[in-house]
Amino acid sequence: MTGWVDTALVLLTLTSLLLLGSSRLTRCIRIVAFQGVVLGVLTVTARPTELSLRILMLAAAIVGLKGVTFPWLLSRVLRDAAVRREVDPVVGYIGSLLLGTLMLAVSFWLSARLPLPMPAISGLLVPVALFTTLAGLFLIVTRRTALTQVLAYLVLENGIYVFGVGVVQGTPMLVELGVLLDVFVVVFVMGIAIFHINREFDHIDTDQLTALKDWTA
Amino acid sequence: MITALSHSFLHMLLPLALAPLLLSVINRTKAIVAGRNGQVLLQPYYDLAKLLRKGAVYSHTTTWVFRAGPVVGLAAVIVATTLVPFGGASAAVSFAGDLILFAYLLGLLRFVTVIAALDTGSSFEGMGASREVTFSALAEPALLLALAAVARQTGSLSLTTMYAGVTGATWTHAAPVFALVAGALMVVFLTENARMPVDDPTTHLELTMIHEVMVLDHSGPDLAFIVYGSALKLWVLGVLLVGLVVPIHSGNAWADSIVGFAGLLGLAVVTGIIESSMARWRLTRVPQLLVGACVLSTLALVLMLR
């Protein structure tokens with residue numbers, strides 16, 4: 001276990017775990033913002049030998065988008081929606097944390113038997129990427145407010161990105177930026193959608209949307 | 001020239017003499033942060049001396065269990081102090097697997113305190129006992145998993161050799177693991193010693209008390225044993241944390257002891273600052289903190305086993 005890469009990966013894992021156990025939405029947003037910054041650091045430190053302007057720009061774009069823009073956008077949505085905490089998740093916080101640990105173990109087990117075409121930059125990378133993705137997926141399924149689901153989507157995307165940065169060498173810049181743009185659009189659209197859901201129903205609880213139907217008077 | 005044996009003997013006497021000082025350093029830090037002068041540093045010793053001179057009052061409803069509680073508890077924690085290596089020296093007693101004995105000696109201390117509290121028949125003490133047991137049931141796996149991670153890293157099952165294996169060099173290549181373990185141990189340290197985010201050691205507000213409520217009915221020498229025992233417990237758990245965070249083994253016995261003791265004083269100051277800057281958490285939030293600590297040590301262990 002050496003160096004910055006592993007530290008960044010452990011930090012990623014910790015932020016995901018913290019997110020699993022947090023109920024305050026402002027704190028959740030801060031956690032995801034921090035995760036975005038860590039992702040930027042990971043991008044720079046992943047391959048220090050082939051550090052180029054391209055990588056630095058990509059890292060700056062990631063930190064700018066995931067560390068600053070998204071949190072700012074989501075905080076604004078949060079302020080308009082006037083919700084402060086996720087009240088009643090499908091799986092409680094302690095349960096989420098315990099399941100998170102289980103997911104972590106599964107990720108390590110799974111990555112040990114996952115054949116990779118090329119070795120990852122760190123033995124931790126694949127399990128952490130898997131865990132982050134799983135945690136994001138888990139959060140999307142188990143949290144009720146639309147805002148947390150957007151955050152969870154970001155975490156899921158972070159997991160996929162970690163996999164990409166550590167395993168696949170030399171993803172074209174255009175692809176990376178395209179993905180980032182996609183994420184940006186998703187968060188942007190979801191921000192507007194949350195705003196509208198909130199204005200229409202006075203809450204952002206997506207569970208109750210399933211009961212929507214045409215009004216036949 | 002000090003032989004190794006007399007050295008570990010000295011290290012056994014050190015906590016017995018200096019442990020109450022940690023309590024007073026914590027109190028002093030809290031006082032200074034709050035803008036008060038605080039009590040003199042020797043106050044815990046005066047308190048203990050005062051309590052020891054007094055007679056004990058026993059309720060008619062209690063049995064020998066109540067009387068045995070403080071004595072057995074103090075004995076258990078004194079034995080536990082012989083197991084932890086302090087200041088780079090080896091512990092007075094060490095063998096493979098002594099970390100399990102260590103954990104369960106602290107468990108025995110807790111058990112006798114709880115059962116003495118239950119023996120009073122007061123529902124109020126029962127409430128405190130129930131809370132204490134709930135929290136420590138969650139803190140114990142965190143402690144054991146954390147120690148297991150360190151044991152795995154250093155390839156040894158005895159506290160002495162484990163902590164001898166923790167050096168600056170191990171830190172450089174296992175920093176994330178040790179940082180996680182240190183985090184988990186800090187939570188265990190605060191929980192087990194009834195410190196702030198979990199329990200307020202100064203509170204006498206009935207509904208929020210945890211540890212304090214269990215010792216309400218003890219008086220005189222019994223109470224002195226309990227206060228002294230908890231000071232020793234603070235010392236041993238602190239040594240576990242400090243030994244990990246300050247991995248300095250210069251080889252010079254005196255220097256190492258001074259560094260170790262300075263580390264403990266630092267930990268006491270940190271605890272005082274935590275206590276001054278945090279409120280006690282709601283009872284329902286505490287298990288979340290403890291599960292968090294368990295998750296930290298599990299993560300450390302998983303990183304190690306990989």
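Here the structure is a predicted model, which means the values were calculated and not measured.

> An account of the overall build of chain B is requested, with residue identities and associated values reported.
Along the backbone of chain B there are 11 helices and zero strands. Going residue by residue from the N terminus, the α and β elements of chain B occur as α-α-α-α-α-α-α-α-α-α-α. In terms of C-alpha radius of gyration, chain B reaches 19 Å, essentially the compact-globule figure of 19 Å for 306 residues. With respect to the three principal axes, the spread of C-alpha positions in chain B is 55 × 45 × 45 Å. Residues classed as buried in chain B amount to 53% of the 306 residues present. For chain B, long-range pairs separated by at least 24 residues make up 80% of all intrachain contacts whose partners lie at least 6 apart in sequence.

> Explain the overall build of chain A to me, using residue names and the numbers behind them.
Each helix and strand in chain A was counted, giving seven helices and zero strands. Here the C-alpha radius of gyration of chain A, 18 Å, is about what a compact globule of 217 residues would show, namely 17 Å. Counting only C-alpha atoms, chain A reaches 65 × 35 × 30 Å along its principal axes. A buried classification covers 48% of the 217 residues belonging to chain A. Accessible area of chain A: about 10700 Å², with a carbon and sulfur share of 69%. Computed over 15 positive and 13 negative side-chain charges, the separation of the two mean positions in chain A equals 7 Å.

> Requested: an account of the interface of chain B and chain A, with residues and values cited.
Between chain B and chain A, the contact holds 18 residues from the first and 18 residues from the second. Of all residues in chain B, the largest losses of buried area upon contact with chain A belong to Q288, L299 and R306 of chain B, amounting jointly to 34% of the total for that side. Between the two partners, chain B and chain A, sit zero salt bridges. For the interface between chain B and chain A, the tally reads one residue pair in polar contact (both at pLDDT 80 or more). Those elements that provide at least two residues to the side of chain B that touches chain A are α7 (168–192) and α11 (286–305) of chain B. Here the side of chain B that touches chain A takes 10 residues from α11 of chain B, the largest share from any one element. Looking at side-chain class alone, the side of chain B that touches chain A contains 11 nonpolar, five polar and two charged residues.

> Tell me what's going on with the packing of aromatic side chains, and back it up with residues and numbers.
Scanning the entire structure with this criterion turns up six aromatic pairs over all chains. Between W171 of chain B and F178 of chain B, the aromatic rings sit 5.5 Å apart at their centres with planes inclined by 65°, giving edge-to-face as the arrangement. Here a set of aromatic residues connected by ring pairs shows up, and it is made of F70, F184 and F188 of chain A. Over the ring of Y161 of chain A we find K66 of chain A; its NZ or CZ atom is 5.4 Å from the centre of that ring. The side chain of R285 of chain B reaches across the aromatic face of W281 of chain B, ending 4.6 Å from its centre.

> Now, about unusual backbone geometry: what can you tell me, with residues and values included?
Apart from glycine, the bulk of residues carry a negative phi angle, and the bulk of peptide bonds sit in the trans form. All names here are of chain B. Positive phi values are uncommon outside glycine, yet A194 reaches one of about 55°. Within the element layout of this structure, A194 appears in the loop between α7 and α8 (211–214). The buried category is assigned to A194, whose relative accessible area is 7%.

> Summarise a positive patch on the surface; cite the residues concerned and give the values.
Taken together, the side chains of R24, R27, R84 and R85 of chain A together with R282 of chain B present a region of like positive charge at the surface. By the element assignment, R85 of chain A lies in the loop between α3 (53–81) and α4 (93–112). With relative accessibility at 31%, the residue R85 of chain A sits in the partly exposed group.

> Which residues make up the packing of helix α2 (residues 25–46) of chain A against α3 of chain A, and what are the values?
All names here are of chain A. Contact geometry of α2 with α3 gives a least axis separation of 8 Å together with a crossing angle of 175°. By the criterion of interaxial angle, the relationship of α2 to α3 is roughly antiparallel. Only I55, L56, L58, A59, I62, V63, K66, G67, P71, L74, S75 and L78 of α3 make contact with α2, whose side of the interface consists of L25, T26, I29, V32, A33, G36, V37, L39, G40, T43 and V44. Classifying every residue of the contact of α2 with α3 gives 16 nonpolar, six polar and one charged.

> Can you lay out the packing of helix α3 (residues 64–81) of chain B against helix α4 (residues 98–119) of chain B for me, pointing to particular residues and giving the numbers?
Residue and element names in this part refer to chain B. Interaxial distance between α3 and α4 falls to 8 Å at its minimum, and their mutual angle equals 165°. It follows that α3 is roughly antiparallel to α4 by the angle criterion. In terms of crossing hand, the pair formed by α3 and α4 is left-handed. Within the contact between the two elements, α3 uses V65, F66, G69, V72, G73, A76, V77, V79 and A80 and α4 uses F102, L105, L106, L108, L109, V112, I115, A116 and D119.

> Describe the pattern of salt bridges, listing the residues and the values that go with them.
Residue and element names in this part refer to chain A. A full pass over the atoms with the stated rule returns six salt bridges over all chains. A salt bridge links E157 to K66; its shortest N-O distance comes to 2.8 Å. Here E157 is found in helix α6 (residues 146–167), whereas its partner K66 is found in helix α3, with 91 residues between them in sequence. Overall, E157 belongs to the buried group, its relative accessible area being 9%.

Each value, and the rule that gives it
- Residues numbered from 1 in each chain as written.
- Chains lettered and ligands numbered in written order.
- Predicted model: local features only at pLDDT ≥ 70, side-chain atom pairs only at ≥ 80, totals over all residues.
- Heavy atoms only, no water.
- Helix = DSSP H or I, 4+ residues; strand = E, 2+ residues; numbered from the N terminus.
- Rg over C-alpha atoms; globule rule 2.2 N^0.38 Å.
- Buried < 20%, exposed > 50% of the residue type's maximum accessible area, 1.4 Å probe, protein only.
- Contact = heavy atoms within 4.5 Å.
- Areas by Shrake-Rupley, 256 points an atom, 1.4 Å probe, with all protein chains shown as cover.
- Lys, Arg positive; Asp, Glu negative; His and termini not counted.
- Charge placed at Lys NZ, Arg CZ, Asp CG, Glu CD.
- Buried area = accessible area lost by both parts, 1.4 Å probe.
- Salt bridge = Lys/Arg side-chain N within 4 Å of Asp/Glu carboxyl O.
- Polar contact = N/O pair within 3.5 Å; in protein donor to acceptor, adjacent residues only side chain to side chain.
- Nonpolar A, V, L, I, M, F, W, Y, C, P; charged D, E, K, R; others polar.
- Phe/Tyr/Trp six-rings, centres within 6.5 Å; stacked < 30°, edge-to-face > 60°.
- Lys NZ or Arg CZ within 6 Å of the ring centre and 35° of its normal.
- Patch = residues over 30% accessible without salt bridge, like charges linked within 9 Å, V, L, I, M, F, W, Y side chains within 5 Å.
- Axes fitted to C-alpha atoms, helices over the stretch in contact; angles between N-to-C directions.
- Parallel < 35°, antiparallel > 145°, perpendicular 65-115°, else oblique.
- Left-handed = near helix turned anticlockwise from the far one by under 90°.

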